[in-house]
Amino acid sequence: MNRNKSIQELSSTKEFDICIIGGGATGLGIAVDAASRGCKTVLLEKYDFAKGTSSRSTKLVHGGVRYLQQGNIKLVMEALKERGLLKKNAPHLVKNQSFVIPNYKWWENSFYGIGLKVYDWMAGSLGLGPSKFLSKEETLALAPNLDEDGLRGGVLYHDGQFDDARLAIHLAMTAADHGAVVINYMSADGLLKANGKVCGVIAKDNIEDKEYEIKAKAVINATGIFSDSIAKMDDPKAEPLISHSQGIHLVFDKEFLLSDTAIMIPRTDDGRVLFAVPWHNKTIVGTTDTPVSSASEEPIAMKGEIEFVMQHIHRYLKKDPSYDDIRSVFAGLRPLVKSNSKITAAISRDHHISVSDSELISITGGKWTTYRKMAEDVMEIAVHKTGMSEKECVTKNLHVHGYKENNNYRASLYYYGTDEETIKDLIKKDNSLSELIHPSLPYIKAEIIWAAQNEMCMTVEDALARRTRALLLDAKAAIESAPLVAQMLSKEMNKDERWIKEQTASFKKTALNYLPLAIT
Ligand SMILES: Cc1cc2nc3c(=O)[nH]c(=O)nc-3n(C[C@H](O)[C@H](O)[C@H](O)COP(=O)(O)OP(=O)(O)OC[C@H]3O[C@@H](n4cnc5c(N)ncnc54)[C@H](O)[C@@H]3O)c2cc1C
C-alpha cells in the first residue's frame, strides 16, 4: 500500500463504481467486498484507517453473550457465524480465547452454564470449543487472581480475540491487493450531484492540502459516529440517526490476570458485562456505556468511568490493581442507531442501512465482528443500484491479507501473518532494526520502517497507536518513544527537523489523555 501511488490512481480514474467514505471496520469491509467483486473502488479516510471507533474496541470477535441475555437471538446467530468466518479467513489475527465466568451466587452456575450451552449450540460447526461447568478449584486454576471469598464455581466458554487496528490495516491491504484505491488523510468535504442524484465526492487531501472531484456510480457513507454529518451534506434537513455511547478500557500489566484465561463479569451495577482480557501481554479491562452528546475523533475517558471500572474489578480480584498500575486508558464511541430507549446499553447493535432520495447509501451500527456481513448487505444494494448485479459477493471464502494457517501467537511478530518474513528480511539487511523502540514496549524498529514503507503510516500517532499498539499498551512508554519514531519516519518520508518536532509534540498532546493521572 502506497499513498502516492493511490493518489496517482485517484487522479487518473475518470469514474469509480463505488466510492466509500470512512476507513473504519465498516468502510474497509465494504472496500474489500466491492474490490473483490470486481468493482472499481475508492475509499477515503479523513484521518488514519481505524482512527475512530475501530481501534478502540474490547478486541473480541464474539457472538455477544450479553445479547443472548437480552434475547436477541438473530444478532447472536449472525455474529457467531461471522466469528467463525473471520477465524477461518484471518487465522493469523483471530485467536481462540477462553473465558471464565466466576459464580458467587447459588443460581449463577446453572443460569450462565445453560445459556452458554445454547451459545455453543448456536455456533454449530463454527464453534471454538465447548463450554464447561467448573468447580471452585477448577475456576481458580484457570483464573488464579479471582477473589476466593464466596466463590462457588464458574463456567468456561470460548470466543475470538483479535487486534482491531491490525485487522483494519490488513483489510485496507486486502482491498488494495484486489485493486481498490484506499487513501488515508483524505476527507469527504462535500458531495457531487447531477440531476438531484449523488454522483461523487469532493475530497480534500489533508496532507498536501489539495482538492479532488471524485466521480462514482454509488457513494457509501460508512463514517460511523460521524454518519449524520455526511447525511447533512446530502440533505441539510436530514434528521440525526445516530446516538453516541462511550466505552472505556483500562490497561494493566499481565500480572493482574496471572493466566491466559480471560474473566467475564456478567452483571455490573448498570446491567452490563465487564471483561478482563489478556492482550499483547497486558490485561484490558472494560467497558462502560456512557451516553455522550457529540462525536469526537479523540474521545477522552471520564473520571467517573475509570472509577466505575476500578470499583468493579476490585470486587472480583484478590490482588487489586491501583491507579498507579494503569498503563493506559482508551475511550471509544459506539455509533448506535437511535431507538426510543434512553438506556444506551439496551439500544440495538444491529446495523442499519438507508438510501436517501438522492441515492446516498448510509450504513451505521453493527459491530467489528459482523463487518463482513454488513459489507455484503450494503454492497447488494449498491451493485443493484449501479446495474452490476452480476458481480457476486466472494468474501465468505476470501483470505485477509497476511493469511497464515497454524500461526504461532506467541511469536513476537505473529500479527503480521505472512508479512512477518518480509519484516525479518529488513532485519537481515540492517541488524539494528531488531532493536526495541522502547524497553517497556514489545515493538522493534523494523516495524516502524515496514509501516512507513508498506502500510501508509504517515504520522507518529499512526505508528504508535495503530500500526503498533504502543499507545494502548503503555502510554508513558509510547510518549517516550515518540522522538525516536519521529526521527525514523522522517528519514523514510524525507521530512525535516521541524516536522520531527511537530510530530513529537502533537503525539504527546494526544497521548497525555491516555494517562489516567492526567484525567481529572
Ligand atoms: C468501547 C467499545 C468496545 C467495542 N468492542 C467491540 C468488540 O469487542 N467486538 C466487536 O465486534 N465490536 C466492538 N465494538 C463495536 C465496533 O468497534 C464498532 O462497531 C466498529 O468499530 C464501527 O466501525 P465503523 O467503521 O462503523 O466506524 P469507525 O471506526 O468510527 O470509522 C468511521 C471512519 O470514518 C471516518 N470519517 C469521518 N468523517 C469522514 C469524512 N468526512 N471523510 C472521510 N472519512 C471520514 C472517521 O475518521 C473514521 O475512521 C466496540 C465499540 C466500542 C465503542
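Located above this text is the structure these notes cover.
A brief look at the structure comes next.

Let us now look at the overall build of the chain. When you go through the chain residue by residue, the secondary structure sums to 16 helices and 18 strands. Against the compact-globule benchmark of 24 Å for 520 residues, the chain has a radius of gyration of 22 Å, which places it among compact chains. If one aligns the C-alpha atoms of the chain with their principal axes, the spans along those axes are about 70 × 50 × 45 Å. Here the chain, with 520 residues, has 60% of them falling under the buried criterion. Restricting the contact set of the chain to residue pairs at least 6 apart, pairs at least 24 apart contribute 71%. Accessible area of the chain: about 20,800 Å², with a carbon and sulfur share of 51%. Charged side chains in the chain number 65 positive and 67 negative. The centres of these two groups are separated by 1 Å.

A word on empty space enclosed by the protein. All told, the structure shown has six cavities of 30 Å³ or more when counted by the stated rule. In this model, the largest cavity occupies a volume close to 140 Å³. Put simply, the parts of the chain that give the lining of the largest cavity at least two residues each are α2 (25-37), α4 (73-89), α7 (164-177) and α10 (371-385). The leading source of residues in the lining of the largest cavity is α4, at four residues. Looking at the lining of the largest cavity residue by residue, the classes come out as eight nonpolar, six polar and three charged.

Time to look at unusual backbone geometry. The omega torsion across glycine 286 and threonine 287 is 25 degrees, close enough to zero to call that bond cis. Of note, threonine 287 is situated in the loop between β14 (282-286) and β15 (290-292). At lysine 59, a residue that is not glycine, the phi angle is positive and equals roughly 70 degrees. Structurally, the position occupied by lysine 59 is in the loop between β2 (41-44) and β3 (60-61). The residue aspartate 209 is not glycine, and still its phi comes out positive at about 55 degrees. Locating aspartate 209 in the fold gives a position in the loop between β9 (197-205) and β10 (210-221).

Here we come to the site of the ligand. Taken together, the neighbourhood of the ligand is formed by 37 residues, with Thr26, Glu45, Ser54, Leu60 and Thr369 sitting nearest. One of the side-chain N or O atoms of histidine 62 is found 3.5 Å from a nitrogen atom in the ligand. Within the contact set of the ligand, an oxygen atom lies 3.3 Å away from a backbone nitrogen or oxygen of glycine 366. When the ligand is considered free in solution it has 1,000 Å² of accessible area, and contact with the protein chains removes 96% of it. Here the shell around the ligand is composed, by residue class, of 12 nonpolar, 19 polar and six charged.

On to the environment of isoleucine 265, then. Here isoleucine 265 lies in strand β12 (residues 262-265). Given the relative accessible area of 1%, isoleucine 265 is considered buried. Distance from isoleucine 265 to histidine 312, taken between C-alpha atoms, is 8.8 Å for residues 47 residues apart in sequence. Isoleucine 265 has contacts with Arg272, Val273, Leu274, Ile313 and Tyr316, leaving out every residue within four places of it along the chain.

This part takes up the layout of surface pockets. Counted as a void, the second largest pocket has a volume near 650 Å³. Lys95, His280, Asn281, Tyr409 and Arg410 are the residues nearest the centre of the second largest pocket, which is lined by 21 residues in total. Going through the elements one at a time, β4 (95-103) and β13 (274-279) are the ones with two or more residues in the lining of the second largest pocket. No other element matches β4, which puts four residues into the lining of the second largest pocket. Residues of the lining of the second largest pocket, tallied by class, amount to nine nonpolar, seven polar and five charged.

This paragraph deals with helix α13 (residues 460-467). At 3.6 residues per turn, the α-helix brings residues three or four places apart onto the same side. Across the eight residues of α13, eight count as buried, placing the element largely inside the fold. Here α13 has its buried residues at Val460, Glu461, Asp462, Ala463, Leu464, Ala465, Arg466 and Arg467. The backbone nitrogen of glutamate 461 lies 3.3 Å from a side-chain oxygen of the residue at the head of α13, namely threonine 459.

Okay, helix α8 (residues 227-234) next. Buried residues of α8: Ser227, Asp228, Ile230, Ala231 and Asp234, and no others. Within α8, the buried residues cover an arc of 160 degrees as seen down the axis, which keeps them to one side. Close packing links the buried residues of α8 with β1 (16-21), β8 (186-194), β9, β10, β11 (242-253) and β18 (361-365).

Right, let's talk about a nonpolar patch on the surface for a bit. A contiguous nonpolar surface patch, about 450 Å² in accessible area, is contributed by Ile114, Val118, Trp121 and Phe133. Element by element, the count of residues in the nonpolar patch is highest for helix α5 (residues 108-123), at three residues. Of the residues examined, tryptophan 121 reaches a relative accessible area of 67% and is grouped as exposed.

Definitions and cut-offs
- Starting from 1, residues in each chain are numbered consecutively following that chain's sequence as written.
- Predicted model: local features are reported for residues with pLDDT of at least 70 only, side-chain atom pairs are reported and counted for 80 or more only, and whole-chain, interface and lining totals are derived from all residues.
- As a rule here, side-chain values cover all heavy atoms of the structure and leave hydrogens and water aside.
- A helix here means a DSSP run of H or I that spans at least four residues, while a strand means a run of E at least two residues long, and both kinds are numbered starting from the N terminus.
- To get the radius of gyration, use the C-alpha atoms; to get the globule rule, take the number of residues to the power 0.38 and multiply by 2.2 Å.
- For the exposure calls, accessible area comes from a 1.4 Å probe over protein chains only, and a residue counts as buried if that area is under 20% of its type's maximum, exposed if over 50%, partly exposed in between.
- Throughout, a residue-residue contact means that at least one pair of heavy atoms, one from each residue, lies within 4.5 Å.
- Working definition of accessibility: Shrake-Rupley area with a 1.4 Å probe, residue cover restricted to the visible protein chains.
- Working convention for charge: Lys and Arg count positive, Asp and Glu count negative, and His plus the chain ends are omitted.
- We put the charge of a Lys on NZ, of an Arg on CZ, of an Asp on CG and of a Glu on CD.
- Cavity: a set of points on a 1 Å grid over the protein atoms alone where a 1.4 Å probe fits but cannot get out. Pocket: an open set with protein on both sides within 12 Å along at least five of seven lines, its lining residues, like those of a cavity, having an atom within 4 Å of a point.
- Grid points are joined across faces, edges and corners, and a volume is the space filled by probe spheres set on the points.
- Throughout this entry, Asp, Glu, Lys and Arg are counted as charged residues, while Ala, Val, Leu, Ile, Met, Phe, Trp, Tyr, Cys and Pro are counted as nonpolar. The remaining residues, Gly among them, count as polar.
- Think of it this way: one heavy atom of a residue within 4 Å of a molecule or strand is enough to make that residue near it.
- What qualifies as a polar contact is a pair of N or O atoms within 3.5 Å, subject to a donor-acceptor requirement within protein and to the restriction that residues adjacent in sequence count only when both atoms come from side chains.
- In this context, the arc is that of the directions from the helix axis out to the C-beta atoms.
- Within this analysis, patches are made of residues with over 30% relative accessible area and no salt bridge. Like charges are joined at 9 Å or less; nonpolar side chains (Val, Leu, Ile, Met, Phe, Trp, Tyr) at 5 Å or less.
- We define a salt bridge as a contact between a side-chain nitrogen of Lys or Arg and a carboxyl oxygen of Asp or Glu at a distance within 4 Å.

Any functional reading would require information that these geometric values do not contain.
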